[in-house]
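Descriptive analysis of the structure
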8 protein chains.
Amino acid sequence: MTTSYKRLDKDNAAVLLVDHQAGLLSLVRDIDPDRFKNNVLALADLAKYFKLPTILTTSFETGPNGPLVPELKALFPDAPYIARPGQINAWDNEDFVKAIKATGKKQLIIAGVVTEVCVAFPALSALAEGFEVFVVTDASGTFNELTRQSAWDRMSSSGAQLMTWFGLACELHRDWRNDVEGLATLFSNHIPDYRNLMTSYNTLTNNK
Amino acid sequence: MTTSYKRLDKDNAAVLLVDHQAGLLSLVRDIDPDRFKNNVLALADLAKYFKLPTILTTSFETGPNGPLVPELKALFPDAPYIARPGQINAWDNEDFVKAIKATGKKQLIIAGVVTEVCVAFPALSALAEGFEVFVVTDASGTFNELTRQSAWDRMSSSGAQLMTWFGLACELHRDWRNDVEGLATLFSNHIPDYRNLMTSYNTLTNNK
Amino acid sequence: MTTSYKRLDKDNAAVLLVDHQAGLLSLVRDIDPDRFKNNVLALADLAKYFKLPTILTTSFETGPNGPLVPELKALFPDAPYIARPGQINAWDNEDFVKAIKATGKKQLIIAGVVTEVCVAFPALSALAEGFEVFVVTDASGTFNELTRQSAWDRMSSSGAQLMTWFGLACELHRDWRNDVEGLATLFSNHIPDYRNLMTSYNTLTNNK
Amino acid sequence: MTTSYKRLDKDNAAVLLVDHQAGLLSLVRDIDPDRFKNNVLALADLAKYFKLPTILTTSFETGPNGPLVPELKALFPDAPYIARPGQINAWDNEDFVKAIKATGKKQLIIAGVVTEVCVAFPALSALAEGFEVFVVTDASGTFNELTRQSAWDRMSSSGAQLMTWFGLACELHRDWRNDVEGLATLFSNHIPDYRNLMTSYNTLTNNK
Amino acid sequence: MTTSYKRLDKDNAAVLLVDHQAGLLSLVRDIDPDRFKNNVLALADLAKYFKLPTILTTSFETGPNGPLVPELKALFPDAPYIARPGQINAWDNEDFVKAIKATGKKQLIIAGVVTEVCVAFPALSALAEGFEVFVVTDASGTFNELTRQSAWDRMSSSGAQLMTWFGLACELHRDWRNDVEGLATLFSNHIPDYRNLMTSYNTLTNNK
Amino acid sequence: MTTSYKRLDKDNAAVLLVDHQAGLLSLVRDIDPDRFKNNVLALADLAKYFKLPTILTTSFETGPNGPLVPELKALFPDAPYIARPGQINAWDNEDFVKAIKATGKKQLIIAGVVTEVCVAFPALSALAEGFEVFVVTDASGTFNELTRQSAWDRMSSSGAQLMTWFGLACELHRDWRNDVEGLATLFSNHIPDYRNLMTSYNTLTNNK
Amino acid sequence: MTTSYKRLDKDNAAVLLVDHQAGLLSLVRDIDPDRFKNNVLALADLAKYFKLPTILTTSFETGPNGPLVPELKALFPDAPYIARPGQINAWDNEDFVKAIKATGKKQLIIAGVVTEVCVAFPALSALAEGFEVFVVTDASGTFNELTRQSAWDRMSSSGAQLMTWFGLACELHRDWRNDVEGLATLFSNHIPDYRNLMTSYNTLTNNK
Amino acid sequence: MTTSYKRLDKDNAAVLLVDHQAGLLSLVRDIDPDRFKNNVLALADLAKYFKLPTILTTSFETGPNGPLVPELKALFPDAPYIARPGQINAWDNEDFVKAIKATGKKQLIIAGVVTEVCVAFPALSALAEGFEVFVVTDASGTFNELTRQSAWDRMSSSGAQLMTWFGLACELHRDWRNDVEGLATLFSNHIPDYRNLMTSYNTLTNNK
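None of the values given here were measured: they were computed from a predicted structure.

Thresholds, definitions, all that
- Counting of residues starts from 1 at the beginning of each chain's written sequence and follows it residue by residue.
- Numbering of ligands from 1 and lettering of chains from A proceed in the order in which they are written.
- For this predicted model, a pLDDT threshold of at least 70 governs which residues receive local features, and a threshold of 80 or more governs which side-chain atom pairs are given and counted, while totals over whole chains, interfaces and linings are taken from all residues.
- Side-chain numbers here rest on the full set of heavy atoms in the structure, without hydrogens or water.
- Under the DSSP-based scheme used, a helix requires at least four consecutive residues in state H or I and a strand at least two consecutive residues in state E, with every element numbered from the N terminus.
- Only C-alpha atoms enter the radius of gyration; for comparison, a globular chain is expected to reach 2.2 Å times N to the power 0.38, where N is the number of residues.
- Only protein chains enter the accessibility calculation, which uses a 1.4 Å probe; a residue is then buried when its area is under 20% of its type maximum, exposed when over 50%, and partly exposed in between.
- In what follows, a contact means two residues having at least one pair of non-hydrogen atoms within 4.5 Å.
- Each accessible area value is a Shrake-Rupley result obtained with a 1.4 Å probe; residue values ignore everything except the protein chains displayed when judging cover.
- What makes two strands pair is DSSP finding at least two bridges between them.
- Axis angles are defined between N-to-C directions and span 0 to 180 degrees, where every axis is a line fitted to C-alpha atoms and, for a helix, only to the segment in contact.
- By the criterion used throughout, a crossover qualifies as right-handed when its path from the first strand across the helix to the second strand runs clockwise, the strands pointing away from the viewer.
- By convention, a stacked pair of Phe, Tyr or Trp rings (six-membered ring in the case of Trp) has centres within 6.5 Å and planes under 30 degrees apart, an edge-to-face pair has planes over 60 apart, and any other such pair is tilted.
- An angle below 35 degrees is read as roughly parallel, one above 145 as roughly antiparallel, one from 65 to 115 as roughly perpendicular, and any other as oblique.
- Least-squares fitting of one copy onto the other uses the C-alpha atoms of those residues that reach a pLDDT of at least 70 in both copies.
- Domain delimitation in this document rests on an assignment produced automatically or drawn from a domain database.
- Two parts placed together each lose some accessible area under a 1.4 Å probe, and adding up what both lose gives the buried area.
- Criterion for a salt bridge: a side-chain nitrogen of Lys or Arg within 4 Å of a carboxyl oxygen of Asp or Glu.
- What qualifies as a polar contact is a pair of N or O atoms within 3.5 Å, subject to a donor-acceptor requirement within protein and to the restriction that residues adjacent in sequence count only when both atoms come from side chains.
- Just so you know the grouping, Ala, Val, Leu, Ile, Met, Phe, Trp, Tyr, Cys and Pro go in nonpolar, Asp, Glu, Lys and Arg go in charged, and all remaining residues, Gly too, go in polar.

Side note on the overall build of chain A
A tally of regular secondary structure across chain A gives 8 helices and 6 strands. Going from N to C terminus, chain A has its helices and strands arranged as β-α-β-α-β-α-β-α-β-α-β-α-α-α. What you see for chain A is a C-alpha radius of gyration of 17 Å, in line with the 17 Å of a compact globule of 208 residues. On the principal axes, the C-alpha backbone points of chain A span a range of 60 × 45 × 35 Å. Taken across its 208 residues, chain A has 69% of its residues classed as buried. Within chain A, residue pairs in contact and separated by at least 24 positions form 80% of the contacts whose partners lie at least 6 positions apart. Summed over its atoms, the accessible surface of chain A is roughly 6,600 Å², and 50% of this surface lies on carbon and sulfur atoms.

Topic: the sheet that holds strand β1 (residues 13-18) of chain D
All names here are of chain D. The sheet built from 6 strands is open, its strands ordered β3-β2-β1-β4-β5-β6 with parallel pairing. Either end of the sheet is taken by a strand with one partner, and the two such strands are β3 (81-84) and β6 (161-163). Strand-to-strand, the axes of this sheet are offset by a mean angle of 25 degrees, without reference to chain direction. In this fold helix α4 (residues 115-128) packs onto β1, β4 (107-112) and β5 (132-136), with an angle of close to 165 degrees to the strand it touches most, β4.

Observations concerning the side chain of N39(C)
Residue and element names in this part refer to chain C. Mapped onto the elements of the fold, N39 is located in helix α1 (residues 33-49). A relative accessible area of 5% places N39 in the buried class. Apart from residues no more than four positions distant in its own chain, N39 is found in contact with D138, A139 and W165.

Quick notes on unusual backbone geometry
Each neighbour pair has its own omega, and for V113(D) with V114(D) the value is 0 degrees, a cis peptide bond. Along the chain, V114(D) falls in the loop between β4 and α4. Residue K51(E) is not a glycine yet carries a positive backbone phi of 55 degrees. Relative to the helices and strands, K51(E) is located in the loop between α1 (33-49) and β2 (54-59).

A few points about the pairing of strand β5 (residues 132-136) of chain C
Residue and element names in this part refer to chain C. Among the 5 residues of β5, 4 are classified as buried, and the element is accordingly described as predominantly covered. Here strand β4 (residues 107-112) runs beside β5; their pairing, made up of 4 bridges, is parallel. Each residue of the ladder has a partner; that of L108, found in β5, is V133. What joins β4 to β5 is helix α4 (residues 115-128), and the crossover it makes is right-handed. The sheet contact formed by β5 and strand β6 (residues 161-163) spans 3 bridges and is parallel.

What to know about the pairing of strand β1 (residues 13-18) of chain E
Residue and element names in this part refer to chain E. Among the 6 residues in β1, 6 count as buried, and that is most of the element. Neither face of β1 is left uncovered, since the one carrying A13, V15 and L17 and the one carrying A14, L16 and V18 both have all their residues buried. Pairing analysis gives 6 bridges linking β1 to strand β4 (residues 107-112), with the strands arranged parallel. Residue V18 lies in a different strand from β4, and its bridge partner there is G112.

Description of the packing of aromatic side chains
The geometry of two aromatic rings is summed up by the distance between their centres and the angle between their planes. The full count for this structure, using the stated rule, is 72 aromatic pairs over all chains. Both rings, one in F143(C) and one in F166(D), keep their centres 5.0 Å apart while their planes meet at 75 degrees; by these two values the pair is edge-to-face. Taken together, the residues span two chains, with F143(C) in the loop between β5 and α5 (145-157) and F166(D) in helix α6 (residues 165-173). For the pair formed by F143(C) and F166(D), the shared burial category is buried. Cluster of aromatic residues (ring-pair linked, three or more members): F60(A), F143(A), W165(B), F166(B), W176(B), F187(B) and Y194(B).

With respect to the packing of helix α1 (residues 33-49) of chain H against helix α7 (residues 181-190) of chain H
Residues and elements named next belong to chain H. As a packed pair, α1 and α7 sit with axes 10 Å apart at the nearest point and diverge in direction by 170 degrees. Relative to α7, the element α1 lies roughly antiparallel. Between α1, through N38, L41, A42, D45, L46 and Y49, and α7, the contact on the second element is made entirely by G182, L183, L186, N189 and H190.

What about the relation of the copies chain A and chain D?
Expressed as a screw transformation, the operator carrying chain A onto chain D has a rotation angle of 90 degrees and an axial translation of 0.0 Å, and the superposed copies differ by an RMSD of 0.0 Å. What we have between these two chains is a four-fold relation. Measuring from the rotation axis to each C-alpha of chain A, the shortest distance belongs to S157(A), at 6.1 Å.

Things to note about the domain arrangement of chain A
Residues and elements named next belong to chain A. Domain annotation for chain A reports domain 1 (13-174) and domain 2 (178-208). Between domain 1 and domain 2, the C-alpha centre-to-centre distance is 28 Å. Contact residues are listed per partner, giving 12 residues for domain 1 and 9 residues for domain 2. Overall, the association of domain 1 and domain 2 removes approximately 900 Å² of surface from exposure, summing both partners, and the carbon and sulfur fraction of that is 68%. Of all residues in domain 1, Y49, W165 and H173 bury the most surface against domain 2, accounting for 52% of the area lost on that side. Our count for the contact surface shared by domain 1 and domain 2 stands at 0 salt bridges. Taken together, the connections running from domain 1 to domain 2 amount to 5 residue pairs in polar contact (both at pLDDT 80 or more). The leading source of residues in the side of domain 1 that touches domain 2 is helix α1 (residues 33-49), at 6 residues. The residue inventory of the side of domain 1 that touches domain 2, partitioned by class, reads 9 nonpolar, 2 polar and 1 charged.

Next up, the structure:
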């Protein structure tokens, strides 16, 4: 008996960045802030690198939730940007779903703050409409580990694929022969241990 | 292939608070007491806010298990209150089940102490009778993390939705335009980080 | 759509204690030794209390694995005791399976050391033969948390119910009116927090 | 209703060691390095002990990822060794899959670095082709626990069996009467607590 | 050889609350927010209860650091309130030191955010001027545990007494016969476990 | 330059058990309850074993703090027992200090609940009067680790010796030749790992 | 009795960066790599910001220890750079000590990899020669927490001041009126939570 | 004001290995067994490498404590070996102290099991007689972290230097120019991360 492998395909995937807002980020306490910032920017960089259609959305950005993190805004100046007037589940916002469907992609990569709401709600809605959903667990944050585990359980039970940004990049890339330098640079910028490997390697091979 | 999204609907949900008794609370060691107290009261406040039918029950409250936490009693003076004469699984108590069925709701939000007994037993019974069950994991406590994980696994495998009070509130509310002030106040009262965001925001915008 | 509730029934359950041997216990590092000792003895006491047929088995007890913990031997002097000559999975031992089948019970409560071997192997074998299996996670120990989590995942995926001794006792007892004193004593002996509740309660009510 | 027990059979199992390279190992931070090194070598030793066909593969070993750990190379001088020219998922490499199919085995034991990529990708591919997959969780490492948990969830949901090297050895061996000395030596070399048990035992029994 | 016991005396102690501002609180990650909020308010309540002279100060409160937490402001409407124009070490602000000296007290109880700056700097300055300094460690917060441990080591090495709010209250009160009800209420409001003890106790004794 | 070794001498030591009361024990959350109960009873057993003068004291035992743990009362039926009418620092109670001075001992072994109050206050008072003080850290409990660390720092800075019950027993005993059986039994009763060693040892040597 | 406050003075302080080399960094496991990288760069940025004389040194940089992290080299192109030919304690290298003495500063801020060697050895040597030593604990890394705690204890016992980079910056700056923009930018670049505060603040105040 | 640097000198140091016995090792639970075994053997290897006089001692090795770990015995066949007939503090054994004094060394490096007894007692005795004492914290083990912290505090307060084996080796070696290959091999054998660095380095430089 075989199981299907829900495998990411860069020609069939879109990225949804939900509510990474300056105020809401102060609620995130299940991941260290230095690491979390790095993960979110790494995800954004890989969306860019693989030229995946990317959709930004925010909740109440003129209130205490605060504005979208400026780095994300800057990276995707032309992306659909839906400032939701009130819907908590982004999927309840027609423009958001329209923007997704306009991409024609069937695989949705979702990250956001906070995990059990801004990520889980649209993830469950998308699964119910037949999309394949890939949750970027390390670019999604919430109040504490107990909350995270509950949210993961709910999403996983409904068929969401739990992934992290590095696995995502690797599954999208498939073969280093497609391009070494670009992806290696992305890894070097976001994985200090990898950067150190490259530094040592380059020093030694340049000394030849 | 789609998966169904078991989504909370405030017109179809009831809340069951099981055995939050002064004595039993001393058994709870998987969540810090300040946080746990806050979570339970937040859940009670949201039941009130959304006007969800709420049912209270206790086990042996005249013995060492102790009386129901007074705050809960005070918040729901008119709620059905079933002091069970002996049944450990509240679902084995006819009055309790009758009270639930009298609400006409098909979605049950359950929290209690201790998780693997007072929550898991009625949750499994309710699932077996076709209810949708939403366990409030952060308003349910038990002896330690190992016990919690076992209990979650058992409930999740049977189809219970694991949620926390904040996700619950968001899924019930659906859209901020239904009401901002009431829910924001509830969040401000129970999420210190959110209160701080609001304090800073209000100070700055009042200074305009 | 309903899910079945695999509920313990004291008239249909047997207990299997697998390889709680003095040497093997030194391998257990995922649970603190004071707590683990208490959990194993609590499980034994409840098997006794509910008069559940109990089967003891050991692996190579004359070698470094060491003898069965004397307290268990003493509690069940007349229980079937299978010192396996070599089979690692107790279910591969004919006498062990015969002893189980002789009880006529269809619900098997299993605990042992180490979790991923002495518990998981017979649990998976029993599930494959149509038994209902209840793993006592806190009376089963192993090398570390990573190993435990792997073992739980494997057993849970095959349908085992993960429980702890306290939940077990409560599900078997069903109603305090069946007997208060016996079970309360058992809890007082194995749950320090519960004992304290009883001490305070008894002191205050005796002062009346 | 019975569940099938996917049980390892030493006549039907092969071992895949994926990308245990000197550079990549510096990325592993979810397991302490002393323990991880021990686990990988224990897995290699048991593959040898049970004479399981073993296949080695590396990714970009002339770059910063570094060479295969020399101990593994030395233990399996005649094993198929596939230095992949670029495929990230080893299953995308034809030679790798051919080598696996040439063994004629249907049970694949997989370990590697990093878990969510080098292990999860071929595991999911193999499951999709109908193989039984056994992931050696403690001989596979990655960036942190959050990443590990995501990877485990993805593999487990697709039917992979999560195991550790000790459970693997026990399930393959089945009965100590097949051989005591060899396996006991392997355990003594890789489990300090077991070695201590044997030291004490041997000292006491030699003193007779 | 005897050591002197630097013992708090309610007639000789003043409380300094340094920079508990809505923005800065989002930097505190070494203590869970529910617990931290409770600890700060408990400290404020006890300052009030023991009628200790209390001094409030803030750093740059019109900028991103945000306003003083409103609850503190409300509790001490008549306390000296020094909004520092720029000094990071509050002790560098003349008005602050004058306010302290005006109290005539020689024992300073200090709490603030963040520990290694807003608490440690004035603590070290005060010790250098011959004051006895009592740091309220659980009402002071900072980025992470590593930072906290460094800060504690620096303060303790210079002779600061590390205390928590509960110990502080007990050392100030000295004898329950001075007043039971007031202090018990304070404890009940800030220690959920204590509140539960009182609830059970009161229920049982009222039933007499 | 030599440092003096403050070494316990069984002829010069007394034990003070401060406020191990049924209610107060529910406040202890820095040590697991199974372990804490064991540690307190181990300390009591060793006080008995070494015939050290032992003094019991309680705070407000007729209120919510609850009665002294019955096991302690039972073990020391003839010990001075000071139910303090209100003094929080036991050293402020004349009868308590008189009882201590009546022993003629200069080394005081102190344990109690909670650490930063019931242990630290009398410890600091005793140090100030020239006693040598040995705090039994693992038989003293408090709210959380942060509180414990603060309390330890305060006591250690004043010259208290931080010890655990096992080290205490070993330092008091000095030489196994004074008595093997009694102390080994005490260890076997309170250290599961040690009991297992003895079980295996006895089994093997009895088989000779 | 007063204690002296060893307070950093930007006119009397120099920074020593010891062995932050690409290979050695793979040994650091007591701090998460994202956070550690950030801390080291923050320290470098503040040395630059306060124009503190900075000295770089490496150990065996042409061997497996690897080259100095390129970012540090780039930030301090004109700083003394001592590639030590073999001395493990940098203080044993004459050029290193000469470079320090040439600065004329008496306060040494030291960070390095690994803590117990590259930081502790020169710290202890400098203390022995009468320098004031400030260890930057969060920009120094080592194998694990046990090692770190041992190293801190050794340095602290000899009089080293344990600080983190943020406290360092604050103590050096003294007063925000000296410059707001530069330091706020530095904090914004290295403290994600602070950056978020500034983003929200700027958005709200720009909207005025 | 300068502090003295108690610096290890290989010509003035001896190593004491106290009670690393097969039975007692099962009591060690504050360090993972794979890591602990490695640390103890690394310490032994460095004693050998630096030709430090080494003294072995055991407590009751014919009883349940078990024999000395065979690897240690094998490494030091000619070292003084004192099987103590009963003294718990090794320093109370005349032969042990004689053997130490016979070395003529004034710096004692001590490791053992368990930390608070077998290490702390002789450490405190040695300090009292004017020796410099260096405790090898990572080659000494005990029941849990609480016990370890108490033991460290007691030893550190009396002037013991807390070190780990790697720092020890570095302080003894002083300069890599004394010998590279021997020490690098020792590090490679006991630090997996270092071994990986060397593997990558050697591969790259051999490819030149």
